Amino acid sequence: MSSVLFEIRDQIAFITLNRPDKLNAFSREMALLLQKRLDECASLHEVRAVYLTGAGKAFSAGQDLAEVVDPNGPGLEPILRELYNPIVSRIRNLPKPVVAAVNGVAAGAGANIALCCDIVVAAQSASFIQAFSKIGLIPDSGGTYFLPRLVGWQKASAFAMLGEKINAIEAERIGMIYKVYDNEEFAGASRALTAVLAQLPTRALAFTKHALNYSATNNLEAQLLLEDDLQQKAAKTSDYSEGVAAFLEKRPAKFSGE
Ligand code: LHQ
């Protein structure tokens, strides 16, 4: 069985981290396979949204710690450059929305890969742990970038240093994630949310994502110029023509993603 399951249905790419007996901890193989699947999501025209989740009771427990200390394993030094940084970059640069459907615990790199996705939803029983300090490491996979932007400096510092478990309800309350669903409705509701995204004007969503990526570092003038440029590109899409026509004709728009 592959460590990353991949299926395309109704214009959604479903990616499932699949090492459930290890709480979907990342082996080198799993991380490289996730990179490959994200590349396919970027290049496949039929994919208009991505749904990332974990098999079994966890989302991901982060790096497989047994592999990192294995004398015959890949070792620690290249891990971030070769495995995690490329995953985070691929998710942020993918011109389609990526939903992290956090079904259970998300720890270490597992938490931060979830938090770098465009929309993060969680089951009520899920939790997030910046587990790094417990083993003498620092938050990686973009944790020191995304966390303070999501929850503010104070909470980011405390979460990063204390490594305590943050439950899904608290994560939603403080704006770390978009929404929590009851465990029973989580799978259906998170897929339905992704299905909505897959029917929206894909290129406008890609431009939105691009603008949000830059908003973290641009000043206002630069961001206004970027919005101007991207809005002109959006206005050249057929989904823009369709959206305006549908509004004027008082009918629901049917977006093609073009
Ligand atoms: C695991 C793991 C795991 C292997 C559970 N590895 N087996 C970057 C740079 C360089 C090096 C290192 O890493 C990184 C990035 C990182 O991600 S660092 C952070 C790595 N992750 C952690 O430190 C989290 C470790 N795991 C835990 O703290 C707990 O397992 C959590 C809180 C996630 C879940 O606790 P429980 O629900 O009580 O489950 P459990 O601890 O009993 O785990 C179940 C099984 O999964 C168990 O195996 P076993 O054979 O005894 O049933 C664990 O050993 C295995 N597992 N996490 N990261």
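Structure first, text after, so check above.
Model, not experiment: these values are computed from the prediction.

(A) Representation of the site of the ligand in the model. Around the ligand lies a shell of 21 residues, among which A61, Q63, L65, A109 and D140 are the nearest. For the ligand, a nitrogen atom lies 2.8 Å from a polar atom in the backbone of Q63. At 2.9 Å, a backbone N or O of L65 approaches a nitrogen atom of the ligand. In the complex, the protein chains occlude 63% of the 1,000 Å² of accessible area that the ligand would expose alone. Classifying every residue of the shell around the ligand by side-chain character gives 14 nonpolar, 3 polar and 4 charged.

(B) A look at the pattern of salt bridges. Evaluation of the coordinates by the stated rule reveals 13 salt bridges. Here the residues in one salt-bridge network are K36, R37 and E40, joined through shared partners.

(C) Just the sheet that holds strand 4 (residues 58–60), in detail. Taken in spatial order, the 4 strands of this open sheet run 4-6-8-9, and their pairing is mixed. Strand pairing shows two members of the sheet lacking a second neighbour, strand 4 and strand 9 (165–167), which therefore form its edges. Direction aside, the axes of adjacent strands within the sheet are offset by 20° on average. As defined by bridge partners, strand 6 (residues 105–107) adjoins strand 8 (residues 127–129) across 3 bridges and the pair is classed as parallel. Bridging from a neighbouring strand, A106 pairs with F128 of strand 8.

(D) Main features of the pairing of strand 7 (residues 119–123). Buried residues dominate strand 7, accounting for 4 of its 5 residues. Bridge count for strand 5 (residues 98–102) against strand 7 is 4 bridges, and the pairing is parallel. In the strand pairing of strand 7, V102 is matched with A122.

(E) Spatial organisation of the sheet that holds strand 10 (residues 179–181). Read across the open sheet, the 6 strands follow the order 1-2-3-5-7-10; overall the sheet is mixed. The strands lining the two open edges of the sheet, one partner per strand, are strand 1 (4–9) and strand 10. Along the sheet, successive strands turn relative to each other by an average axial angle of 20°, direction set aside. Direction of pairing for strand 2 (residues 12–17) relative to strand 3 (residues 49–54): parallel, over a ladder of 6 bridges. In the sheet register, A13 faces strand 3, and the bridge partner there is V50.

(F) Local environment of helix 1 (residues 28–43). For helix 1, spanning 16 residues, the distance from its first C-alpha to its last is 23 Å, which sits close to the expected 22 Å at 1.5 Å a residue. Those residues of helix 1 lying buried are M30, A31, L33, L34, Q35, R37, L38 and C41. On its buried face, helix 1 is in contact with strand 1, strand 2, strand 3 and helix 3 (79–93).

(G) Representation of the packing of aromatic side chains in the model. For the structure on display, the rule yields 3 aromatic pairs. Centre to centre, the rings of Y145 and F146 are 5.1 Å apart; their planes meet at 75°, and the pair counts as edge-to-face. The class for F146 is buried, based on a relative accessible area of 15%. Against the face of F14 rests R9, its NZ or CZ located 4.5 Å from the ring centre. Seen from the ring of Y145, R149 lies directly overhead, with NZ or CZ sitting 3.8 Å from the centre.

Cut-offs applied
Each residue is numbered by its place in its chain's sequence as written, counting from 1. Local features in this predicted model are restricted to residues of pLDDT 70 or higher, and side-chain atom pairs are both shown and tallied only at a pLDDT of 80 or more, whereas totals for entire chains, interfaces and linings draw on every residue. Derived side-chain values reflect all non-hydrogen atoms in the structure, with water molecules and hydrogen atoms excluded from consideration. When at least one non-hydrogen atom of a residue lies within 4 Å of a molecule or strand, that residue is treated as near it. Side-chain atoms alone can form a polar contact between residues adjacent in sequence; in general such a contact is a pair of N or O atoms within 3.5 Å, and within protein one must be able to donate a hydrogen while the other accepts it. Calculation of accessible area relied on Shrake-Rupley with a 1.4 Å probe; when residues are assessed, cover is drawn exclusively from the protein chains displayed. In this classification, Asp, Glu, Lys and Arg are treated as charged, Ala, Val, Leu, Ile, Met, Phe, Trp, Tyr, Cys and Pro as nonpolar, and every other residue, Gly included, as polar. One speaks of a salt bridge when a side-chain nitrogen belonging to Lys or Arg is within 4 Å of a carboxyl oxygen belonging to Asp or Glu. Strands were regarded as paired on the criterion that DSSP finds at least two bridges between them. The way it works is that DSSP assigns letters per residue, a run of H or I at least four long becomes a helix, a run of E at least two long becomes a strand, and they are numbered from the N terminus. Only the stretch in contact is used when a helix axis is fitted, and all axes are lines through C-alpha atoms; the angle between N-to-C directions ranges over 0 to 180 degrees. Exposure is judged per residue with a 1.4 Å probe applied to protein chains only, and the accessible area is read against the type maximum: over 50% gives exposed, under 20% gives buried, and values in between give partly exposed. To estimate how far a helix should reach, multiply one less than its number of residues by 1.5 Å. Any pair of residues with heavy atoms lying within 4.5 Å of one another is described as a contacting pair. The criterion for an aromatic pair is that two Phe, Tyr or Trp rings (for Trp, the six-membered ring) have centres within 6.5 Å, with stacked assigned to planes under 30 degrees apart, edge-to-face to planes over 60 apart and tilted to the rest. The rule is short: NZ of Lys or CZ of Arg within 6 Å of the ring centre and within 35 degrees of the ring normal puts a charge over the ring.

By themselves these figures say nothing about function.
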